Amino acid sequence: MLDTHNIRSQFPILMQEINGKPLVYLDNAATSQKPKSVLEVYEKYYTEINANVHRGVHTLSRLATEAMEISRKKIQKFINAEKDFEIIFTKGTTESINLIAYAVTREIKENDEIIISYLEHHSNIVPWQMLCERTGAKLKVIPMDENGILQLDFLDKNLSEKTKIVSVNQVSNALGIINPIEEIISKTRKNSAAMIVIDGAQSAPHFKIDVQKTDCDFFVFSGHKMYAPMGTGILYGKEKMLRKLNPFHGGGEMIAACSFEKTTYADLPFKFEAGTPNVGGNIALGSAVDFIENIGHENIAHHENQLLNYAQEKLLEIENLKIYGEKAKKAGSISFNLENAGIASDVGMILDKLGIAVRTGHHCTHPIMDFFNVAGTVRASFAIYNTFEEIDILAEGVKKAQKMLR
Ligand code: 7TS
């Protein structure tokens, strides 16, 4: 059994009251809270070794560089990448996807095709639309059914030599649905030579990632959703892909030699890391990886699955409550609406008065909201420190909101 009490005690922010009630933080899909160990590493960086990296021979610069490179190796191990230089520090999933979409521009021609799914966050839609505008390529979308399950026969009909990129998330942020990326990847490999991008923003915090086993070309995620500071994120790319692509940003750190006539680029990973990085955040991301690994992926997945199943059971006891993607296999989040009482934001405001933090609205997934013909949903999302008692408080809060709004 997981000692949730001990885990919670490592998160100072959870100890407070909001509106006179103990905080019940269920907005982890937006960002997770940070444990003391991560906060201490962050503070220690700024109080003891703050310096720019890879630049100076002075001691602090060397210490900061070493600490950031140790963190890169931890992240390499965390997702089982083959080489440490396949790990690029970014400021989050959004930047990672934009980086890829920009870097592939030269590879994409008019009438080439890019496939995404219906269940994507805007940050896995808009950068590809922008790429299509730049190149004349076409965007295609894997459809879903009423349960939010992707219809993969679409791939059988649409994958071809024209398909240059397939980019899908492993877990949907809006509905929590786990997508069948293994099947998507195997169909893609069989029927095209497309580059495969996996958006792991909502999977990396919840279960073990193995990019070699998954056999994706790129895997992207955000540090701040997995107990690390904001402004941290990762782009993993297979060496041969990263070598093939052009850099995204130009500037310091990413050059081998620069003259007015010609610039040559630095080797990996620095070719993609122009400018001063978020050194303290990147080091603290390594500490967040330690935090997760000390608890253990299996323990995390087990606890969070139990919470999610319990939440689904408790919420479904409430009349006229609809869970989106009820029948699908989910991780991390559950999304719902009261069909006869107010709109999602009304429910969210009442829950806030009760100290319960959930996200309401479109979750940066307009197409999903349009599909279900709603303006938004209420989303409760879980982390390792959440408890069954908190789910009871959520269910009672939703009942109270229903009474008040009916
Ligand atoms: N992809 C997915 C699946 C996401 O859930 C998010 C953020 C992003 C990409 C973008 O990540 P960022 O760190 O660059 O912002 N999702 C959410 C959310 O569900 N609520 O707030 C942010």
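What you see is a predicted model; the values in this text were computed from it and never measured.

1. What about the environment of Thr276?
Relative to the assigned elements, Thr276 resides in the loop between strand E12 (263–265) and helix H10 (279–295). Thr276 sits 114 residues away from Glu390 along the chain, and the two C-alpha atoms are 41 Å apart. With sequence-adjacent residues up to four places away left out, Thr276 is seen in contact with Asn52 and Arg55. Here the side chain of Thr276 touches Asn52 through a polar contact of 3.0 Å, side chain to side chain.

2. Side note on the environment of Asn278
Tracing the sequence through the fold places Asn278 in the loop between E12 and H10. The class for Asn278 is partly exposed, based on a relative accessible area of 24%. For Asn278 and Tyr45, which are 233 residues apart along the polypeptide, the C-alpha to C-alpha distance reads 11 Å. When neighbours within four sequence positions are excluded, Asn278 is seen to be in contact with Met230, Gly231 and Thr232. Within the local environment of Asn278, its side chain forms a polar contact with the backbone oxygen of Gly231, the two atoms lying 3.0 Å apart.

3. Here's the deal with the nonpolar core
Ile79, Phe221, Tyr227, Ile384 and Tyr385 are the most contacted members of the largest nonpolar core, which has 69 residues in total. Take this core: its biggest share by element is nine residues, from H10. Residue-level mapping places this core at the junction of two domains, with at least three residues from each of domain 1 (4–30 + 296–405) and domain 2 (39–294). Excluding residues within four positions of it along the chain, Ile79 makes contact with Ile87, Lys208, Ile209, Asp210, Val211, Phe221 and Tyr236. Core analysis: the second largest hydrophobic core is formed by 27 residues, Leu307, Leu321, Phe336 and Leu338 among them.

4. Structural notes on H10
Taking 1.5 Å of rise per residue, 17 residues should cover 24 Å, and H10 covers 25 Å from first to last C-alpha, within 8% of that figure. In terms of residue burial, H10 counts as a mostly covered element, since 14 of its 17 residues are buried. Positive phi shows up at Gly296, right after H10, with a value of about 100°.

5. Re the sheet that holds strand E7 (residues 163–169)
Strand order in the open sheet made by the seven strands is E4-E10-E9-E8-E7-E5-E6, with mixed pairing throughout. Where the open sheet ends on each side, the last strands, each with one partner, are strand E4 (87–90) and strand E6 (138–142). For this sheet, the mean angle separating the axes of adjacent strands, direction not counted, is 20°. Where helix H4 (residues 93–103) meets the sheet, its contacts fall on E4, strand E8 (195–199), strand E9 (218–222) and strand E10 (233–237), and the angle it forms with E9 comes to roughly 150°.

6. Quick word on the pairing of strand E11 (residues 255–258)
Sheet topology note: the E11/E12 ladder contains three bridges and is antiparallel. Across the sheet, Ala257 pairs through a bridge with Thr264, a residue of E12. With antiparallel pairing between neighbouring strands as the criterion, E11 and E12 make up a hairpin whose turn holds four residues.

7. Considering the packing of aromatic side chains
The tally for this structure, following the rule as stated, stands at 14 aromatic pairs. Between the aromatic rings of Tyr42 and Tyr46, the centroid separation amounts to 5.5 Å while the plane-to-plane angle is 80°, which identifies the pairing as edge-to-face. On the criterion of helical spacing, the pair formed by Tyr42 and Tyr46 is a turn pair, its members being four residues apart in helix H2 (residues 36–49). Given the relative accessible area of 44%, Tyr46 is considered partly exposed. Between Tyr45 and Tyr46, the aromatic rings sit 4.8 Å apart at their centres with planes inclined by 75°, giving edge-to-face as the arrangement. Residue classification places Tyr45 among the buried residues on the basis of a relative accessible area of 4%. Every member of this aromatic cluster is reached through a ring pair, and the members are Phe11, Tyr227, Phe291 and Tyr385.

8. Some remarks on the domain arrangement of the protein
Segmenting the protein into domains produces domain 1 (4–30 + 296–405) and domain 2 (39–294). Each of domain 1 and domain 2 has a C-alpha centre, and these two points are 28 Å apart. In this complex, domain 1 contributes 36 residues to the contact, which on the side of domain 2 involves 33 residues. With both chains or domains summed, domain 1 and domain 2 bury close to 2900 Å², and 61% of this area falls on carbon and sulfur atoms.

Conventions used here
- Residues numbered from 1 in each chain as written.
- Predicted model: local features only at pLDDT ≥ 70, side-chain atom pairs only at ≥ 80, totals over all residues.
- Heavy atoms only, no water.
- Helix = DSSP H or I, 4+ residues; strand = E, 2+ residues; numbered from the N terminus.
- Contact = heavy atoms within 4.5 Å.
- Polar contact = N/O pair within 3.5 Å; in protein donor to acceptor, adjacent residues only side chain to side chain.
- Buried < 20%, exposed > 50% of the residue type's maximum accessible area, 1.4 Å probe, protein only.
- Core = buried A, V, L, I, M, F, W, Y, C linked by side-chain atoms within 4.5 Å.
- Domains from an automatic or database assignment.
- Expected span 1.5 Å × (residues − 1).
- Pairing = 2+ DSSP bridges.
- Axes fitted to C-alpha atoms, helices over the stretch in contact; angles between N-to-C directions.
- Phe/Tyr/Trp six-rings, centres within 6.5 Å; stacked < 30°, edge-to-face > 60°.
- Buried area = accessible area lost by both parts, 1.4 Å probe.

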